[in-house]
Amino acid sequence: MPPAIITRRHELFSYLSEQRLNKNSIGFVPTMGALHEGHASLIQKSASENDCTVVSIFVNPKQFGPNEDFAKYPRTFQNDIDIATQHGAKVIFAPSIEEMYPQGFLTQVSVSGITEVLCGAHRPGHFNGVTTVVLLLMNLVQANYIYLGQKDFQQVQVIKKMATDLFHPTKVIMVPTLREKDGLAMSSRNRYLNEEARKKALFIPKALALIAKEFLNGEKSIDHLLKISLTELKKENLTPQYLEFRKIDDLTQKCEGNLSSEAVVAIAQIIEFEGTSTRLIDNILLGNDSPNTKALEDLIAKAF
């Protein structure tokens, strides 16, 4: 049975009220469309754990800066419907900008601290746009669980903090990053890349894979791990916007010296080609638990 395609808030509320009356659990996957297998993994996980999975498709203007790619952000609605359907979505919520932000809308949701580092330091106001739209959607859907991808690790942590601080009942679930066969993290922005730019972009997972390999071999010096990864990027004349080791439980804290606890290694890299550019992000988690180790081993195998 194809999913219900809903564009109005009141229609979504009515549909989901009936689901709750029937004691059905609700999973929620927020997206900006241009769906790929990474999104599919989120939808599939939600569908396997809930009676009703809602996928939102909304390119949110509030999280794009004045010189960013809102106008050219890929919009592939029919393909999005196909992917969401194939992986178990029961509802697709695709509101207009006016539906989400009616005339006179003046509210902004802001999480301080962890939004001011990494991507937040380079995209002023970005996370205010993210938290505003995600809270609106979470309030509309009232899901049991919301599923987010690890590739956007900082975004996941910001939404978790927002949900905790505001006593939101929806539980945040992070799903591991899905990668292409060559190791590149799946992203809607990958489709911008031409062949030359794609070759350059592959040095992002290679740089992270070098860190992963050395870490699994027992290396704990952050300076050494940074040096080998930056050297790899320089082979393609790439200088990251940032490449940092941060504490997983508090992104405001940089890891220094030798690694003594779990850390996230986060990178943002601008790939320039043919007079244009695309900004890609990625990360790995360094820790002693087996899921993280398996993810690092998988990245190493793909990148090399």
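Residues numbered from 1 in each chain as written. Predicted model: local features only at pLDDT ≥ 70, side-chain atom pairs only at ≥ 80, totals over all residues. Heavy atoms only, no water.

**Description of the layout of surface pockets**
Taking a probe equal in size to a water molecule and rolling it over the atoms shows the remaining empty space. Reported here for the second largest pocket is a volume of approximately 530 Å³. What lines the second largest pocket is a set of 24 residues, and nearest its centre among them are Q150, P176, T177, P291 and A295. Where the lining of the second largest pocket is concerned, the elements lending two or more residues are α7 (153-165), β6 (171-175), β10 (276-286) and α11 (290-303). Looking at the lining of the second largest pocket element by element, the count peaks at 8 residues for α11. (1 Å grid on protein atoms, 1.4 Å probe; cavity = no way out; pocket = protein on both sides within 12 Å on 5 of 7 lines; lining within 4 Å. Points joined across faces, edges and corners; volume = space filled by probe spheres on them. Helix = DSSP H or I, 4+ residues; strand = E, 2+ residues; numbered from the N terminus.)

**Brief notes about the packing of helix α9 (residues 203-216) against helix α10 (residues 222-234)**
As a packed pair, α9 and α10 sit with axes 9 Å apart at the nearest point and diverge in direction by 150°. The angle between α9 and α10 falls in the class roughly antiparallel. Our pair here, α9 against α10, has a crossing hand that is right-handed. Seen from α9, the contacting residues are F203, I204, K206, A207, L210, I211, E214 and F215; seen from α10, they are H224, L225, I228, S229, E232 and L233. Tallied by class, the residues present in the contact of α9 with α10 amount to 9 nonpolar, 2 polar and 3 charged. (Axes fitted to C-alpha atoms, helices over the stretch in contact; angles between N-to-C directions. Parallel < 35°, antiparallel > 145°, perpendicular 65-115°, else oblique. Left-handed = near helix turned anticlockwise from the far one by under 90°. Contact = heavy atoms within 4.5 Å. Nonpolar A, V, L, I, M, F, W, Y, C, P; charged D, E, K, R; others polar.)

**What to know about the pattern of salt bridges**
Tallied over the entire structure, the rule returns 13 salt bridges. With its nearest N and O atoms 2.8 Å apart, the salt bridge here joins R123 to E68. Within this pair, whereas R123 is found in the loop between α5 (119-122) and α6 (126-141), its partner E68 is found in the loop between β3 (52-57) and α3 (77-86), the two being separated by 55 residues in sequence. By relative accessible area, R123 is classed as buried at 12%. Judged by relative accessible area, which is 32%, E68 ranks as partly exposed. In this structure, K199 and E195 form a salt bridge, with 4.0 Å as the shortest nitrogen-oxygen distance. Pair noted here: K199 and E195 are both in helix α8 (residues 195-201), with a separation of 4 residues, about one helical turn. The exposed category is assigned to K199, whose relative accessible area is 52%. Taken together, the salt bridges that share partners define one network made up of R8, R9 and E99. (Salt bridge = Lys/Arg side-chain N within 4 Å of Asp/Glu carboxyl O. Buried < 20%, exposed > 50% of the residue type's maximum accessible area, 1.4 Å probe, protein only.)

**Some details on empty space enclosed by the protein**
In the structure shown here, the tally under the stated rule is 1 cavity of 30 Å³ or more. In this structure, the largest cavity occupies an estimated 90 Å³ of space. At the level of elements, α7, β9 (263-273) and β10 are the ones that each hand at least two residues to the lining of the largest cavity. The dominant element in the lining of the largest cavity, judged by the number of residues it contributes, is β10, at 3 residues.

**Observations regarding the nonpolar core**
Counting 44 residues, the largest nonpolar core has L12 and V54 as the members making the most contacts within it. Breaking this core down by element, the ones donating at least two residues are α1 (9-21), β2 (26-31), β3, β4 (91-93), α6, β5 (145-149), α7 and β9. The residues contacting L12, other than those within four sequence positions of it, are I6, V54, V91, F93, L140 and V141. (Core = buried A, V, L, I, M, F, W, Y, C linked by side-chain atoms within 4.5 Å.)

**A few points about the environment of N194**
Its location among the elements puts N194 in the loop between β6 and α8. N194 has contacts with F273 and E274, leaving out every residue within four places of it along the chain. A polar atom in the side chain of N194 sits 2.8 Å from the backbone nitrogen of A197. (Polar contact = N/O pair within 3.5 Å; in protein donor to acceptor, adjacent residues only side chain to side chain.)

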